[in-house]
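These are the residues of each chain, in order.
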Amino acid sequence: MKSILVTGGAGFIGSHLCKRLLNEGNKVICLDNYFTGSKKLVQDLLSCPNFRLEEHDVTHPYQKRFDIDEIYNLACPASPIHYQFDPIQTFRTSVLGAINMLDLACCCNAKILQASTSEVYGDPVVHPQTETYLGNVNTIGIRSCYDEGKRASETLFMDYHRQKKLRIKIIRIFNTYGPNMTVHDGRVVSNFIVQALKNEDITVYGTGTQTRSFQYVDDLVEGMIRMMSTEDDFTGPVNIGNPEEFTMIELAQQIIRLTGSQSKIVFRPLPSDDPRQRKPDISLAQKKLDGWKPTVSLEEGLKRTIQYFQNL
Ligand code: NAD
Ligand code: UDP
(Lines give C-alpha, C1' and ligand atoms only; values in the text may rest on other atoms or scores of the structure.)
(Ligands and ions follow the chains in the order given, each with its own letter.)
Protein backbone atom coordinates (compact mmCIF):
# COMPACT_ATOMS: atom_id res chain seq x y z
CA MET A 1 0.00 0.00 0.00
CA LYS A 2 1.41 3.38 -1.03
CA SER A 3 0.98 6.52 1.05
CA ILE A 4 -0.03 9.32 -1.34
CA LEU A 5 -0.46 13.03 -0.59
CA VAL A 6 -2.81 15.02 -2.82
CA THR A 7 -2.75 18.82 -2.46
CA GLY A 8 -5.94 20.51 -3.67
CA GLY A 9 -7.58 17.12 -3.12
CA ALA A 10 -10.93 18.65 -2.12
CA GLY A 11 -11.25 20.41 -5.49
CA PHE A 12 -12.83 19.29 -8.75
CA ILE A 13 -9.99 17.17 -10.17
CA GLY A 14 -8.46 16.34 -6.78
CA SER A 15 -11.67 14.75 -5.49
CA HIS A 16 -11.76 12.35 -8.48
CA LEU A 17 -8.06 11.57 -8.06
CA CYS A 18 -8.39 10.84 -4.31
CA LYS A 19 -11.29 8.48 -4.98
CA ARG A 20 -9.43 6.60 -7.71
CA LEU A 21 -6.25 6.27 -5.59
CA LEU A 22 -8.27 4.95 -2.63
CA ASN A 23 -10.09 2.47 -4.88
CA GLU A 24 -6.69 1.17 -5.95
CA GLY A 25 -5.87 0.34 -2.31
CA ASN A 26 -3.65 3.29 -1.39
CA LYS A 27 -3.58 5.45 1.72
CA VAL A 28 -4.51 9.02 0.70
CA ILE A 29 -3.79 12.22 2.60
CA CYS A 30 -5.70 15.17 1.17
CA LEU A 31 -4.48 18.72 1.90
CA ASP A 32 -6.70 21.68 1.05
CA ASN A 33 -7.43 25.19 2.28
CA TYR A 34 -11.01 25.01 0.85
CA PHE A 35 -10.58 28.19 -1.21
CA THR A 36 -12.39 26.71 -4.21
CA GLY A 37 -12.69 23.14 -2.95
CA SER A 38 -15.02 21.79 -0.31
CA LYS A 39 -15.29 18.97 2.21
CA LYS A 40 -18.55 18.05 0.48
CA LEU A 41 -16.65 16.88 -2.61
CA VAL A 42 -14.80 14.24 -0.55
CA GLN A 43 -17.65 13.54 1.89
CA ASP A 44 -18.13 9.98 0.66
CA LEU A 45 -14.43 9.23 1.22
CA LEU A 46 -14.35 10.34 4.87
CA SER A 47 -15.62 7.00 6.16
CA CYS A 48 -12.73 5.18 4.46
CA PRO A 49 -10.01 4.35 7.05
CA ASN A 50 -7.29 4.96 4.44
CA PHE A 51 -8.44 8.53 3.81
CA ARG A 52 -7.25 11.50 5.81
CA LEU A 53 -8.37 15.08 5.18
CA GLU A 54 -6.31 17.97 6.54
CA GLU A 55 -6.92 21.71 6.27
CA HIS A 56 -3.62 23.17 5.14
CA ASP A 57 -2.51 26.07 2.95
CA VAL A 58 0.40 24.97 0.76
CA THR A 59 1.99 28.41 0.94
CA HIS A 60 3.08 27.28 4.43
CA PRO A 61 5.52 24.40 4.93
CA TYR A 62 3.94 21.07 5.78
CA GLN A 63 5.59 19.18 8.62
CA LYS A 64 6.19 15.55 7.77
CA ARG A 65 4.44 13.29 10.31
CA PHE A 66 4.51 10.03 8.38
CA ASP A 67 6.14 8.49 5.34
CA ILE A 68 4.90 9.64 1.95
CA ASP A 69 5.64 7.72 -1.26
CA GLU A 70 4.05 10.03 -3.81
CA ILE A 71 2.75 13.61 -3.98
CA TYR A 72 0.28 14.99 -6.52
CA ASN A 73 0.50 18.81 -6.33
CA LEU A 74 -2.87 20.16 -7.51
CA ALA A 75 -3.44 23.01 -5.05
CA CYS A 76 -4.21 26.17 -7.04
CA PRO A 77 -7.42 27.85 -8.16
CA ALA A 78 -7.95 27.04 -11.84
CA SER A 79 -10.94 29.06 -13.02
CA PRO A 80 -10.05 32.56 -14.28
CA ILE A 81 -12.56 34.26 -11.93
CA HIS A 82 -11.04 32.44 -8.96
CA TYR A 83 -7.35 32.84 -9.79
CA GLN A 84 -7.89 36.53 -10.59
CA PHE A 85 -9.76 37.14 -7.31
CA ASP A 86 -6.48 37.37 -5.33
CA PRO A 87 -3.72 37.20 -7.95
CA ILE A 88 -0.91 37.60 -5.40
CA GLN A 89 -2.18 34.60 -3.43
CA THR A 90 -2.49 32.65 -6.72
CA PHE A 91 1.16 33.33 -7.50
CA ARG A 92 2.18 32.47 -3.93
CA THR A 93 0.24 29.21 -4.15
CA SER A 94 1.98 28.17 -7.36
CA VAL A 95 5.48 29.19 -6.34
CA LEU A 96 5.63 28.79 -2.54
CA GLY A 97 3.31 25.78 -2.79
CA ALA A 98 5.70 24.15 -5.25
CA ILE A 99 8.74 24.90 -3.04
CA ASN A 100 7.04 23.57 0.10
CA MET A 101 5.88 20.38 -1.59
CA LEU A 102 9.24 19.85 -3.32
CA ASP A 103 11.02 20.24 0.04
CA LEU A 104 8.58 17.75 1.56
CA ALA A 105 9.25 15.32 -1.31
CA CYS A 106 13.01 15.67 -0.69
CA CYS A 107 12.50 15.02 3.01
CA CYS A 108 10.42 11.85 2.34
CA ASN A 109 12.28 10.76 -0.80
CA ALA A 110 8.87 10.82 -2.48
CA LYS A 111 8.06 11.08 -6.16
CA ILE A 112 6.16 14.30 -6.97
CA LEU A 113 3.85 15.27 -9.84
CA GLN A 114 2.99 18.84 -10.74
CA ALA A 115 -0.39 19.72 -12.23
CA SER A 116 0.77 22.30 -14.77
CA THR A 117 -1.44 23.67 -17.49
CA SER A 118 -1.89 24.42 -21.17
CA GLU A 119 -1.89 28.07 -20.01
CA VAL A 120 1.92 27.90 -20.05
CA TYR A 121 1.48 28.24 -23.83
CA GLY A 122 -0.43 31.51 -23.33
CA ASP A 123 -2.19 32.64 -26.51
CA PRO A 124 -0.44 30.09 -28.71
CA VAL A 125 0.80 30.87 -32.21
CA VAL A 126 1.76 27.21 -32.75
CA HIS A 127 -1.27 24.96 -33.25
CA PRO A 128 -1.77 22.29 -32.02
CA GLN A 129 0.55 22.79 -29.05
CA THR A 130 3.50 20.43 -28.62
CA GLU A 131 5.55 20.29 -25.44
CA THR A 132 8.51 21.83 -27.30
CA TYR A 133 6.55 25.03 -28.02
CA LEU A 134 7.78 27.66 -25.56
CA GLY A 135 4.57 29.67 -25.46
CA ASN A 136 3.30 33.21 -25.85
CA VAL A 137 2.43 34.56 -22.40
CA ASN A 138 1.78 38.21 -21.57
CA THR A 139 3.81 38.65 -18.38
CA ILE A 140 1.82 41.67 -17.20
CA GLY A 141 -1.75 40.66 -18.05
CA ILE A 142 -4.59 39.59 -15.78
CA ARG A 143 -4.00 35.89 -16.53
CA SER A 144 -0.27 35.99 -15.82
CA CYS A 145 -0.60 35.35 -12.05
CA TYR A 146 -1.73 31.88 -13.08
CA ASP A 147 0.29 31.38 -16.27
CA GLU A 148 3.58 32.68 -14.89
CA GLY A 149 3.01 31.00 -11.53
CA LYS A 150 2.63 27.66 -13.27
CA ARG A 151 5.62 28.35 -15.54
CA ALA A 152 7.72 29.15 -12.45
CA SER A 153 6.53 25.95 -10.78
CA GLU A 154 7.72 23.95 -13.79
CA THR A 155 11.12 25.65 -13.46
CA LEU A 156 11.28 24.75 -9.77
CA PHE A 157 10.37 21.13 -10.45
CA MET A 158 13.12 20.80 -13.09
CA ASP A 159 15.70 22.52 -10.86
CA TYR A 160 14.91 20.25 -7.88
CA HIS A 161 15.28 17.31 -10.27
CA ARG A 162 18.65 18.50 -11.62
CA GLN A 163 20.07 19.87 -8.37
CA LYS A 164 18.67 17.47 -5.77
CA LYS A 165 18.03 14.42 -7.98
CA LEU A 166 14.38 14.46 -6.93
CA ARG A 167 12.03 12.23 -8.94
CA ILE A 168 9.57 14.62 -10.56
CA LYS A 169 6.78 14.52 -13.16
CA ILE A 170 5.17 17.49 -14.93
CA ILE A 171 1.86 17.26 -16.77
CA ARG A 172 0.27 20.09 -18.74
CA ILE A 173 -3.47 19.70 -18.33
CA PHE A 174 -5.80 21.01 -21.05
CA ASN A 175 -9.39 22.17 -20.29
CA THR A 176 -10.98 19.46 -18.17
CA TYR A 177 -14.60 19.20 -17.05
CA GLY A 178 -16.96 16.79 -15.33
CA PRO A 179 -18.97 16.12 -12.18
CA ASN A 180 -17.79 17.89 -8.99
CA MET A 181 -17.32 21.23 -10.74
CA THR A 182 -19.21 23.72 -8.63
CA VAL A 183 -22.22 25.72 -9.82
CA HIS A 184 -20.22 28.94 -9.38
CA ASP A 185 -16.96 27.60 -10.85
CA GLY A 186 -17.13 30.16 -13.67
CA ARG A 187 -15.49 28.01 -16.34
CA VAL A 188 -17.29 27.60 -19.62
CA VAL A 189 -18.66 24.04 -19.41
CA SER A 190 -20.24 24.43 -15.97
CA ASN A 191 -21.48 27.97 -16.78
CA PHE A 192 -23.23 26.83 -19.97
CA ILE A 193 -24.76 23.72 -18.35
CA VAL A 194 -26.05 25.65 -15.32
CA GLN A 195 -27.49 28.37 -17.59
CA ALA A 196 -29.07 25.81 -19.96
CA LEU A 197 -30.70 23.86 -17.13
CA LYS A 198 -32.30 27.09 -15.83
CA ASN A 199 -33.33 28.20 -19.37
CA GLU A 200 -31.24 31.34 -18.79
CA ASP A 201 -29.22 33.13 -21.48
CA ILE A 202 -25.99 31.35 -22.40
CA THR A 203 -23.16 33.86 -22.08
CA VAL A 204 -20.66 33.47 -24.92
CA TYR A 205 -17.67 35.79 -24.48
CA GLY A 206 -16.41 37.62 -27.57
CA THR A 207 -17.54 36.23 -30.93
CA GLY A 208 -17.50 32.66 -29.64
CA THR A 209 -15.16 31.61 -32.45
CA GLN A 210 -12.27 31.00 -30.01
CA THR A 211 -11.58 27.30 -29.55
CA ARG A 212 -10.85 24.91 -26.68
CA SER A 213 -10.37 21.13 -26.52
CA PHE A 214 -12.33 19.59 -23.66
CA GLN A 215 -11.23 16.54 -21.72
CA TYR A 216 -13.47 14.48 -19.44
CA VAL A 217 -12.04 14.20 -15.92
CA ASP A 218 -11.75 10.37 -15.88
CA ASP A 219 -9.43 10.49 -18.89
CA LEU A 220 -7.22 13.01 -17.10
CA VAL A 221 -7.04 10.96 -13.89
CA GLU A 222 -6.01 7.89 -15.89
CA GLY A 223 -3.26 9.94 -17.56
CA MET A 224 -2.06 11.32 -14.21
CA ILE A 225 -1.73 7.89 -12.66
CA ARG A 226 0.06 6.51 -15.70
CA MET A 227 2.43 9.50 -15.66
CA MET A 228 3.29 8.91 -12.00
CA SER A 229 4.30 5.32 -12.78
CA THR A 230 6.62 6.11 -15.70
CA GLU A 231 10.37 5.44 -15.48
CA ASP A 232 12.29 7.81 -13.20
CA ASP A 233 14.20 9.30 -16.14
CA PHE A 234 10.97 10.59 -17.73
CA THR A 235 10.05 13.91 -16.15
CA GLY A 236 7.82 15.39 -18.84
CA PRO A 237 6.39 17.95 -19.33
CA VAL A 238 3.70 16.02 -21.13
CA ASN A 239 0.37 17.30 -22.47
CA ILE A 240 -2.74 15.55 -21.12
CA GLY A 241 -5.84 16.60 -23.01
CA ASN A 242 -8.42 15.66 -25.59
CA PRO A 243 -7.44 16.92 -29.05
CA GLU A 244 -11.04 17.32 -30.29
CA GLU A 245 -11.38 21.08 -30.78
CA PHE A 246 -14.60 23.12 -30.61
CA THR A 247 -15.60 26.77 -30.79
CA MET A 248 -17.52 28.18 -27.83
CA ILE A 249 -20.57 28.57 -30.05
CA GLU A 250 -20.41 24.87 -30.97
CA LEU A 251 -20.15 24.03 -27.28
CA ALA A 252 -23.16 26.20 -26.42
CA GLN A 253 -25.23 24.63 -29.22
CA GLN A 254 -24.31 21.13 -28.12
CA ILE A 255 -25.28 21.84 -24.50
CA ILE A 256 -28.61 23.41 -25.59
CA ARG A 257 -29.33 20.28 -27.66
CA LEU A 258 -28.38 17.80 -24.91
CA THR A 259 -30.40 19.60 -22.22
CA GLY A 260 -33.38 20.38 -24.48
CA SER A 261 -33.09 23.93 -23.15
CA GLN A 262 -35.00 27.02 -24.27
CA SER A 263 -31.90 29.18 -23.60
CA LYS A 264 -30.72 31.75 -26.14
CA ILE A 265 -27.06 32.50 -26.86
CA VAL A 266 -26.03 36.05 -25.90
CA PHE A 267 -22.64 37.67 -26.45
CA ARG A 268 -20.61 39.34 -23.69
CA PRO A 269 -17.21 41.10 -23.82
CA LEU A 270 -14.17 38.90 -24.26
CA PRO A 271 -11.87 39.05 -21.20
CA SER A 272 -8.38 40.37 -21.99
CA ASP A 273 -5.69 37.89 -23.03
CA ASP A 274 -8.29 35.16 -23.62
CA PRO A 275 -6.44 32.61 -25.82
CA ARG A 276 -7.80 32.41 -29.40
CA GLN A 277 -7.23 28.70 -29.83
CA ARG A 278 -6.08 25.67 -27.89
CA LYS A 279 -5.57 22.03 -28.82
CA PRO A 280 -3.03 19.56 -27.44
CA ASP A 281 -0.66 17.46 -29.48
CA ILE A 282 -0.78 14.24 -27.44
CA SER A 283 1.82 12.20 -29.35
CA LEU A 284 4.23 12.25 -26.40
CA ALA A 285 1.57 11.07 -23.94
CA GLN A 286 0.57 8.26 -26.27
CA LYS A 287 4.18 7.17 -26.62
CA LYS A 288 5.21 7.42 -22.96
CA LEU A 289 1.97 6.53 -21.15
CA ASP A 290 1.31 3.08 -22.65
CA GLY A 291 -0.85 4.32 -25.50
CA TRP A 292 -2.96 6.55 -23.25
CA LYS A 293 -5.59 8.51 -25.11
CA PRO A 294 -8.93 10.07 -24.18
CA THR A 295 -11.83 7.62 -24.33
CA VAL A 296 -14.81 9.83 -23.45
CA SER A 297 -16.28 11.93 -26.29
CA LEU A 298 -17.51 15.45 -25.61
CA GLU A 299 -21.12 14.34 -26.07
CA GLU A 300 -20.78 11.46 -23.59
CA GLY A 301 -18.87 13.57 -21.06
CA LEU A 302 -21.40 16.38 -21.30
CA LYS A 303 -24.27 13.94 -20.74
CA ARG A 304 -22.63 12.68 -17.53
CA THR A 305 -21.90 16.22 -16.36
CA ILE A 306 -25.42 17.45 -17.15
CA GLN A 307 -26.81 14.54 -15.11
CA TYR A 308 -24.58 15.55 -12.19
CA PHE A 309 -25.84 19.15 -12.22
CA GLN A 310 -29.46 17.96 -12.61
CA ASN A 311 -29.11 15.87 -9.45
CA LEU A 312 -27.64 18.62 -7.27
P1 NAD B 1 -10.25 23.61 -8.33
O2 NAD B 1 -10.26 25.07 -8.10
O3 NAD B 1 -11.55 22.87 -8.30
O4 NAD B 1 -9.28 22.88 -7.32
C5 NAD B 1 -8.16 23.50 -6.73
C6 NAD B 1 -8.07 23.04 -5.29
O7 NAD B 1 -6.90 23.62 -4.70
C8 NAD B 1 -9.27 23.49 -4.44
O9 NAD B 1 -9.72 22.42 -3.64
C10 NAD B 1 -8.70 24.63 -3.60
O11 NAD B 1 -9.39 24.82 -2.40
C12 NAD B 1 -7.27 24.17 -3.43
N13 NAD B 1 -6.33 25.25 -3.12
C14 NAD B 1 -6.20 26.45 -3.73
N15 NAD B 1 -5.23 27.17 -3.17
C16 NAD B 1 -4.72 26.42 -2.15
C17 NAD B 1 -3.70 26.60 -1.20
N18 NAD B 1 -2.98 27.74 -1.16
N19 NAD B 1 -3.45 25.62 -0.32
C20 NAD B 1 -4.17 24.46 -0.34
N21 NAD B 1 -5.15 24.23 -1.21
C22 NAD B 1 -5.42 25.19 -2.12
O23 NAD B 1 -9.53 23.40 -9.75
P24 NAD B 1 -9.26 22.06 -10.59
O25 NAD B 1 -9.86 22.27 -11.92
O26 NAD B 1 -9.61 20.87 -9.80
O27 NAD B 1 -7.68 22.17 -10.77
C28 NAD B 1 -6.78 21.36 -10.02
C29 NAD B 1 -5.37 21.59 -10.55
O30 NAD B 1 -5.29 21.25 -11.92
C31 NAD B 1 -4.91 23.05 -10.43
O32 NAD B 1 -3.56 23.07 -10.06
C33 NAD B 1 -5.06 23.57 -11.85
O34 NAD B 1 -4.15 24.60 -12.13
C35 NAD B 1 -4.76 22.33 -12.66
N36 NAD B 1 -5.39 22.42 -14.00
C37 NAD B 1 -6.75 22.26 -14.15
C38 NAD B 1 -7.31 22.37 -15.41
C39 NAD B 1 -8.76 22.18 -15.65
O40 NAD B 1 -9.21 22.36 -16.80
N41 NAD B 1 -9.59 21.78 -14.70
C42 NAD B 1 -6.50 22.69 -16.51
C43 NAD B 1 -5.15 22.90 -16.30
C44 NAD B 1 -4.59 22.74 -15.05
N1 UDP C 1 -16.29 31.54 -21.83
C2 UDP C 1 -17.51 31.91 -22.35
N3 UDP C 1 -18.57 32.04 -21.50
C4 UDP C 1 -18.48 31.75 -20.17
C5 UDP C 1 -17.24 31.34 -19.64
C6 UDP C 1 -16.16 31.27 -20.51
O7 UDP C 1 -17.66 32.15 -23.56
O8 UDP C 1 -19.52 31.88 -19.47
C9 UDP C 1 -15.16 31.39 -22.76
C10 UDP C 1 -13.86 32.07 -22.31
O11 UDP C 1 -13.83 33.41 -22.73
C12 UDP C 1 -12.83 31.20 -23.02
C13 UDP C 1 -13.45 29.81 -23.05
O14 UDP C 1 -14.86 30.01 -22.83
O15 UDP C 1 -12.64 31.65 -24.33
C16 UDP C 1 -12.93 28.87 -21.98
O17 UDP C 1 -13.01 29.57 -20.75
P18 UDP C 1 -12.67 28.85 -19.36
O19 UDP C 1 -12.72 29.91 -18.31
O20 UDP C 1 -13.51 27.65 -19.17
O21 UDP C 1 -11.20 28.30 -19.54
P22 UDP C 1 -9.83 28.95 -20.08
O23 UDP C 1 -10.10 30.28 -20.69
O24 UDP C 1 -8.97 29.07 -18.88
O25 UDP C 1 -9.35 28.01 -21.11
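As shown above, the structure is provided for reference.
Reading guide: rules and limits
Residues numbered from 1 in each chain as written. Chains lettered and ligands numbered in written order. Predicted model: local features only at pLDDT ≥ 70, side-chain atom pairs only at ≥ 80, totals over all residues. Heavy atoms only, no water. Helix = DSSP H or I, 4+ residues; strand = E, 2+ residues; numbered from the N terminus. Contact = heavy atoms within 4.5 Å. Pairing = 2+ DSSP bridges. Axes fitted to C-alpha atoms, helices over the stretch in contact; angles between N-to-C directions. Near = heavy atom within 4 Å. Polar contact = N/O pair within 3.5 Å; in protein donor to acceptor, adjacent residues only side chain to side chain. Areas by Shrake-Rupley, 256 points an atom, 1.4 Å probe, with all protein chains shown as cover. Nonpolar A, V, L, I, M, F, W, Y, C, P; charged D, E, K, R; others polar. Parallel < 35°, antiparallel > 145°, perpendicular 65-115°, else oblique. Left-handed = near helix turned anticlockwise from the far one by under 90°. Expected span 1.5 Å × (residues − 1). Buried < 20%, exposed > 50% of the residue type's maximum accessible area, 1.4 Å probe, protein only. Arc of directions from axis to C-beta.

Novice: Would you mind going over the side chain of Thr235 with me for this structure?
Specialist: Take Thr235: it is sitting in the loop between helix H6 (217-228) and strand E11 (238-240). For Thr235, the contacting residues outside a window of four places in its chain are Met158, His161, Ile168, Lys169, Ile170 and Met227.

Novice: Which parts of the structure should I look at to understand the sheet that holds strand E6 (residues 168-173)?
Specialist: What links the strands of a sheet is backbone hydrogen bonding, and the strands pair in either a parallel or an antiparallel sense. A sheet is described by the order of its strands in space; here seven strands give the open sequence E3-E2-E1-E4-E5-E6-E11, paired in parallel fashion. The sheet is open, and its two borders are formed by strand E3 (51-55) and E11, each paired with just one other strand. For this sheet the average axis-to-axis angle between neighbouring strands, irrespective of direction, equals 20°. Here five bridges tie strand E1 (residues 3-7) to strand E2 (residues 27-32), and the two strands are oriented parallel to one another. In the sheet register, Leu5 faces E2, and the bridge partner there is Ile29. Against the sheet, helix H3 (residues 87-108) makes contact with E1, E2, strand E4 (70-73), strand E5 (111-117) and E6, and its axis sits at roughly 175° relative to E4, the strand it touches most. Contacting E4, E5, E6 and E11, H6 runs over the sheet at an angle of about 160° to E6.

Novice: Explain the site of ligand 1 to me, please; I cannot follow it from the model alone.
Specialist: The environment of ligand 1 is formed by 30 residues, the closest being Asp32, Thr36, Tyr146, Lys150 and Thr176. Within the backbone of Gly37, one N or O atom sits 3.0 Å away from an oxygen atom of ligand 1. Note that an oxygen atom of ligand 1 is positioned 3.4 Å from one of the backbone N or O atoms of Cys76. Relative to its unbound accessible area of 820 Å², ligand 1 is 97% covered by the protein chains. For the shell around ligand 1, the secondary-structure elements that each account for two or more residues are helix H1 (12-23), H3, E5 and helix H4 (144-164). Top contributing element to the shell around ligand 1 by residue count: E5, with three residues. Partitioned by chemical class, the residues of the shell around ligand 1 number 14 nonpolar, 12 polar and four charged.

Novice: Any chance you could explain the site of ligand 2 here in plain terms?
Specialist: Neighbouring residues of ligand 2: 18 residues in total, closest Thr203, Tyr205, Arg212, Asp274 and Arg278. One of the side-chain N or O atoms of Gln210 is found 3.0 Å from an oxygen atom in ligand 2. Contact between ligand 2 and Asp274: an oxygen atom at 2.6 Å from a side-chain N or O atom of the residue. Broken down by secondary-structure element, the contributors of at least two residues to the shell around ligand 2 are helix H5 (188-197) and strand E8 (202-205). Looking at the shell around ligand 2 residue by residue, the classes come out as seven nonpolar, five polar and six charged.

Novice: When you look at the packing of H5 against helix H7 (residues 248-259) in this model, what are you seeing that I'm missing?
Specialist: When two helices pack together, their arrangement is given by the angle between the helix axes and the distance between those axes. Across the interface, H5 lies against H7 with an axial gap of 10 Å and an inter-helix angle of 40°. Between H5 and H7, the angle is such that the two are oblique. Helix-helix and strand crossings are classified by hand; for H5 and H7 the assignment is right-handed. Contacts from Val188, Val189, Phe192, Ile193, Ala196 and Leu197 in H5 reach Met248, Leu251, Ala252, Ile255 and Thr259 in H7.

Novice: So what exactly am I meant to see when it comes to helix H9 (residues 298-310) here?
Specialist: In an α-helix there are 3.6 residues to a turn, and that puts residues three or four apart on one side. Here H9 contains 13 residues, and its C-alpha end-to-end distance of 18 Å stays within 8% of the 18 Å for a straight helix at 1.5 Å per residue. When we look at burial in H9, the residues that qualify are Leu298, Gly301, Leu302, Thr305, Ile306 and Phe309. The buried residues of H9 occupy an angular sector of 135° when projected down its axis, which confines them to one face. Packing partners of the buried residues in H9 comprise strand E7 (176-177), H5, strand E10 (215-216), strand E12 (245-247) and H7.

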